[in-house]
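# What the coordinates show
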Amino acid sequence: MKHLGLFRHAKSDWGDRDQRDFDRGLNERGRRGAALMGRHIRSQEPKWDIVLASPAERVRLTLDAAKLGVETQFDPRLYLAGTETHFDLVKELAGDADCVLIAAHNPGLQDVLLALVSPDEETADFREAMVKFPTASFAVLQLPIDDWAELGQSNGKLIHFKRPRDLDETLGPAD
């Protein structure tokens, strides 16, 4: 059994419209959300063996604020990556790890979730994540595989899904 975690970067700062997308940081709500989600992730099982992360500034700052205390490998291929790239990188970089957390971007993370959950495992949490995988969201998939080389089959189960607003309503969308 393997576990794959998906952690989307926190709310980014759009204050400087001339700044490259890759270089955007986090706004105040994003910093608060990243710290809150970090506490939540640290309190949950499984414990992560490795984090594979996009090197974009907003992902780096999200991980800094989350303080996960897990070895992190930054790979530029995760910046705005599609599903197959996510799968390829896990297969290439996860090694013997049983629990791999990806910290990256949407729509890629949401697409990974949609690709891995089997139709007979579509829970209420899955339907929420299918509609929207907001900034700083965290999902955990349980995969009945022995080796990451098997990643990509639609045989997973979403066992955990949290958004910042689930833990602090002030971090929800402004109405």
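Quick summary incoming for the structure in this document. What you are looking at is a predicted structure, and each value in this text was computed from that prediction instead of being measured.

Parameters at a glance
Residues numbered from 1 in each chain as written. Predicted model: local features only at pLDDT ≥ 70, side-chain atom pairs only at ≥ 80, totals over all residues. Heavy atoms only, no water. Helix = DSSP H or I, 4+ residues; strand = E, 2+ residues; numbered from the N terminus. Buried < 20%, exposed > 50% of the residue type's maximum accessible area, 1.4 Å probe, protein only. Contact = heavy atoms within 4.5 Å. Salt bridge = Lys/Arg side-chain N within 4 Å of Asp/Glu carboxyl O.

Position of H3 among the secondary structure elements: in strand β1 (residues 2-8). Judged by its relative accessible area of 14%, H3 is buried. Between the alpha carbons of H3 and D98 there is a distance of 6.3 Å; along the sequence they are 95 residues apart.

We now examine the environment of R165. Tracing the backbone through its elements, the reader meets R165 in helix α6 (residues 164-167). Relative accessible area serves as the criterion here: at 31%, R165 is assigned to the partly exposed category. Distance from R165 to T135, taken between C-alpha atoms, is 10 Å for residues 30 residues apart in sequence. Excluding its chain neighbours within four sequence positions, the residues that come into contact with R165 are L171, G172 and P173.

A separate point is the pattern of salt bridges. The full count for this structure, using the stated rule, is 10 salt bridges. Put simply, R163 and D166 hold a salt bridge, and the shortest N to O gap is 2.8 Å. By relative accessible area, which is 10% here, R163 ends up buried. Residue classification places D166 among the partly exposed positions, given a relative accessible area of 35%. Beyond isolated ion pairs, a larger network of salt bridges with shared partners links D21, R24 and R58.

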